[in-house]
Amino acid sequence: MALQLNPALDLAYIDQAYGEDPVILYMIFDAFLSDSVPRWRSLQGALESGDLKESASIVHGLKPSFTMTGLTHVRPKVEVLEKAIKDDEPIEQLLEMYRNISAEIEELIPVLETESERLKQL
C-alpha cells in the first residue's frame, strides 16, 4: 500500500476496501474519531445503569465501524460483548469486557488521529 499506514491497522482490509484513496480513508477515520468513539464511551454509562437494551443498541450500531476503520481485530471482541449483553450476563462481567476492549481502543485512538491528520494533508 502506497499510503504507508500504521501496521496496527488491518492494511489488507483497508487496501481492499478503499485502495489508494486518502480522502475516503480520512473521512472514515475522522468519522470514527468524532462519532464512534464518543458513542463507544457512552456505552459505559448505559452498562453501569443496567440499561441492557440501550447497551445492545449502541454495540450493534458500532460493530461495522471497527471493520471499516481497519480495526478488524477489535470487532470479534465487540461481537462477544454484544452477545453477552443479549444473554443478560452479569453487569460486572459486561463492564469488565467493556474495559478490556476500551483499553485496546484507547491505544489505537492516537494511531487513528495521526493517520487522519496525515491523510488530510495528502
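Starting from 1, residues in each chain are numbered consecutively following that chain's sequence as written. Confidence filtering applies because this is a predicted model: local features only for residues at pLDDT of at least 70, side-chain atom pairs given and counted only at 80 or more, and all residues used for totals across whole chains, interfaces and linings. For side-chain calculations, the full set of non-hydrogen atoms in the structure is used, while hydrogens and water are omitted.

Caption draft 1: The side chain of Ser65, seen in detail. Only DSSP runs of H or I covering at least 4 residues are called helices, and only runs of E covering at least 2 are called strands; the numbering of each starts at the N terminus. Summarising the element assignment, Ser65 is placed in helix α3 (residues 52–68). When accessible area is computed with a 1.4 Å probe and restricted to protein chains, residues below 20% of their type maximum are described as buried, those above 50% as exposed, and intermediate ones as partly exposed. Look at Ser65 and you get buried, because its relative accessible area is 12%. Within the structure, Ser65 has its side chain in polar contact with the backbone oxygen of Leu62 (distance 2.6 Å). Note on contacts: a residue pair is in contact if any heavy atoms of the two residues lie within 4.5 Å. Beyond its immediate chain neighbours, meaning those up to four positions away, Ser65 contacts Phe32 and Ser36. What qualifies as a polar contact is a pair of N or O atoms within 3.5 Å, subject to a donor-acceptor requirement within protein and to the restriction that residues adjacent in sequence count only when both atoms come from side chains.

Caption draft 2: Up close: the confidence of the model for the protein. For the protein, mean pLDDT is 96; residues scoring 70 or higher make up 98% of the total. Values of pLDDT, ranging from 0 to 100, describe the predictor's confidence in every residue of the model. Looking at the elements of the protein, mean pLDDT is at its lowest for helix α1 (residues 11–18), recorded as 95, and at its highest for helix α4 (residues 75–86), recorded as 98.

Caption draft 3: The nonpolar core, seen in detail. With 38 residues, the main nonpolar core has Trp40, Phe66 and Leu81 as its most contacted residues. Going through the elements one at a time, α1, α2 (22–48), α3, α4 and α5 (91–121) are the ones with two or more residues in this core. Per-element accounting of this core gives the leading share, 11 residues, to α5. Other than its neighbours up to four places away in sequence, Trp40 contacts Leu62, Phe66, Val78, Leu81, Tyr98, Ile101, Ser102 and Ile105. Nonpolar cores were defined as sets of buried Ala, Val, Leu, Ile, Met, Phe, Trp, Tyr and Cys residues, with membership established by side-chain atoms within 4.5 Å.

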